[in-house]
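# Structure assessment
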Amino acid sequence: MSKKEILLLFAAIGFIIMWILDLRAGLPAGLEPTFWNKIFYHYSFLMFAMVCLFYFQYSKQIRLKKEEEEAKNKPSEKPKDDKQAQRKALLKGKK
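Residues numbered from 1 in each chain as written. Predicted model: local features only at pLDDT ≥ 70, side-chain atom pairs only at ≥ 80, totals over all residues. Heavy atoms only, no water.

Within the chain, the regular secondary structure consists of 3 helices and 0 strands. N-terminal to C-terminal, the α/β element order of the chain is α-α-α. Computed over the C-alpha atoms, the radius of gyration of the chain is 29 Å, more than 25% above the 12 Å expected from 2.2 N^0.38 for a compact globule of 95 residues. C-alpha atoms of the chain, sized along the principal axes, occupy 95 × 20 × 15 Å. By residue count, 12% of the 95 residues in the chain fall in the buried class. Within the chain, counting contacts between residues at least 6 apart in sequence, those at least 24 apart form 62% of the total. Surface summary for the chain: the accessible area is close to 8600 Å², and the carbon and sulfur share equals 64%. On the chain, the mean spot of the 18 positive side-chain charges and the mean spot of the 10 negative ones are 11 Å from each other. (Helix = DSSP H or I, 4+ residues; strand = E, 2+ residues; numbered from the N terminus. Rg over C-alpha atoms; globule rule 2.2 N^0.38 Å. Buried < 20%, exposed > 50% of the residue type's maximum accessible area, 1.4 Å probe, protein only. Contact = heavy atoms within 4.5 Å. Areas by Shrake-Rupley, 256 points an atom, 1.4 Å probe, with all protein chains shown as cover. Lys, Arg positive; Asp, Glu negative; His and termini not counted. Charge placed at Lys NZ, Arg CZ, Asp CG, Glu CD.)

On to helix 1 (residues 3-25), then. The terminal C-alpha atoms of helix 1 lie 33 Å apart, and with 23 residues this matches the ideal 33 Å at 1.5 Å per residue to within 8%. By the burial criterion, the buried members of helix 1 are Glu5, Leu8, Ala12, Trp19 and Asp22. Contacts from the buried residues of helix 1 go to helix 2 (35-73). At the exit of helix 1 stands Gly26, carrying a positive phi of roughly 85°. (Expected span 1.5 Å × (residues − 1).)

This part covers the environment of Ala29. Checked against the element boundaries, Ala29 lands in the loop between helix 1 and helix 2. Overall, the relative accessible area of 85% leaves Ala29 in the exposed class. Between the C-alpha atoms of Ala29 and Ser59, which are 30 residues apart in sequence, the distance is 41 Å.

Okay, the pattern of salt bridges next. Following the criterion strictly, the structure yields 2 salt bridges and no others. Its salt-bridge partner being Arg63, residue Glu5 comes within 2.9 Å of it at the nearest N-O pair. Taken as a pair, Glu5 in helix 1 and Arg63 in helix 2 lie far apart in primary sequence, 58 residues in all. Its relative accessible area of 22% is what places Arg63 among the partly exposed residues. Arg63 is the salt-bridge partner of Glu67, the closest N and O atoms lying 3.2 Å from each other. With Glu67 and Arg63 both in helix 2, this residue pair falls 4 residues apart, about one helical turn. On the basis of relative accessible area, Glu67 is assigned to the partly exposed category, the value being 40%. When salt bridges with common partners are traced through the structure, they connect Glu5, Arg63 and Glu67 into a single cluster. (Salt bridge = Lys/Arg side-chain N within 4 Å of Asp/Glu carboxyl O.)

Next up on the list: the UniProt feature "transmembrane region" (unreviewed entry) in the chain. The UniProt record annotates "transmembrane region" (unreviewed entry) at residues 7-27 and 39-56. Counted over residues 7-27, helix gives 90% and strand 0%. Its end C-alpha atoms are 30 Å apart. In this annotation, residues 39-56 is assigned 100% helix and 0% strand; the end-to-end C-alpha distance for the span is 25 Å. (UniProt positions renumbered as here; feature names shortened; annotations may be inferred.)

Written out as structure tokens, the structure reads:
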């Protein structure tokens, strides 16, 4: 996992914790307790958390795609011939 992904996860957890604490705190005295005021006031932290989680998934998919492409472009090793290795070992011993 990259540093960006770790930071995004921690940010999402932080926003969820702030959302829970904000829900428990209630509305300020100046706002009327209507449905839309509650939604706007409390759920902005939840939406920030969701944005962090979605961006985490996006960056993770991009990273996995890059790693997959690098694995495809990486030259594969030739299979070793055991008899050839034995011949070389015997030739070294005869010298």
